[in-house]
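Secondary and tertiary structure notes
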Amino acid sequence: MVDQGQVQEAIAALEAVVKKDPKNEQALTELAMIHLLDLKQSEQAIGYLQRVVDVNPANQVVISELVSLYEEERRTDEGLQY
């Protein structure tokens, strides 16, 4: 959907998945990437990435993405607190 320009539809579909399964790492990660890459909404992306880490603290890919995002946003202190 995103690749075809249907960003809002993709968000709605993913949010429906998360509503049914709040611990769905894949849906949360996809939502984070849409907010980060397509909508340029870093704050929203950070929130979704944090939710993934809360669900699975061993998810190294998401942790790495979250660390990078905090660095890019110059919010390293906030990232360290989290």
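All values derive from a computational prediction rather than experimental measurement.

**Concerning the overall build of the chain**
Within the chain, the regular secondary structure consists of five helices and zero strands. Each helix and strand of the chain, placed in order from N terminus to C terminus, yields the pattern α-α-α-α-α. Since a compact globule built from 82 residues should have a radius of gyration of about 12 Å, the 13 Å found for the chain is in line with a globular shape. Here the chain, with 82 residues, has 33% of them falling under the buried criterion. Within the chain, contacts between residues separated by at least 24 positions form 39% of all contacts whose residues are at least 6 apart in sequence. When the accessible surface of the chain is totalled, it reaches about 5400 Å², and 49% of it is carbon and sulfur. The positive charge centre, built from 7 side chains, and the negative charge centre, built from 15, are 6 Å apart in the chain.

**Points about the pattern of salt bridges**
Scanning all chains against the criterion turns up two salt bridges. Residues E43 and R75 are paired through a salt bridge, measuring 2.8 Å at the closest nitrogen-oxygen approach. Taken as a pair, E43 in helix α3 (residues 42-55) and R75 in the loop between α4 (60-72) and α5 (76-81) lie far apart in primary sequence, 32 residues in all. One salt bridge in this structure joins R75 and E78, with 2.7 Å as the shortest N-O distance. The partly exposed category is assigned to E78, whose relative accessible area is 34%.

The rules behind the values
- Every chain begins its residue count from 1, and numbering advances along the sequence as written.
- Only residues with pLDDT of 70 or above have their local features reported here, since the model is predicted, and side-chain atom pairs are shown and tallied only from 80 upward, although totals for entire chains, interfaces and linings are computed over all residues.
- Side-chain descriptors were evaluated using all non-hydrogen atoms of the structure, hydrogens and water having been removed beforehand.
- Helix and strand definitions follow DSSP, with helices as H or I runs of at least four residues and strands as E runs of at least two, each counted in order from the N terminus.
- All radius of gyration figures rest on C-alpha atoms, and the globule criterion is 2.2 Å times the number of residues raised to 0.38.
- Burial classes: relative accessible area under 20% of the type maximum marks a residue as buried, over 50% as exposed, and values in between as partly exposed (1.4 Å probe, protein chains only).
- For this analysis, residues touch if any pair of their heavy atoms sits within 4.5 Å.
- We get accessible surface area from the Shrake-Rupley algorithm with a probe of 1.4 Å; when it comes to residues, only the shown protein chains can shield them.
- Only four residue types enter the charge count: Lys and Arg as positive, Asp and Glu as negative, with His and the chain ends excluded.
- By convention, charge coordinates are those of NZ in Lys, CZ in Arg, CG in Asp, or CD in Glu.
- Each reported salt bridge corresponds to a side-chain nitrogen of Lys or Arg within 4 Å of a carboxyl oxygen of Asp or Glu.

From the geometry alone we can't say anything about function, so treat these as descriptive.
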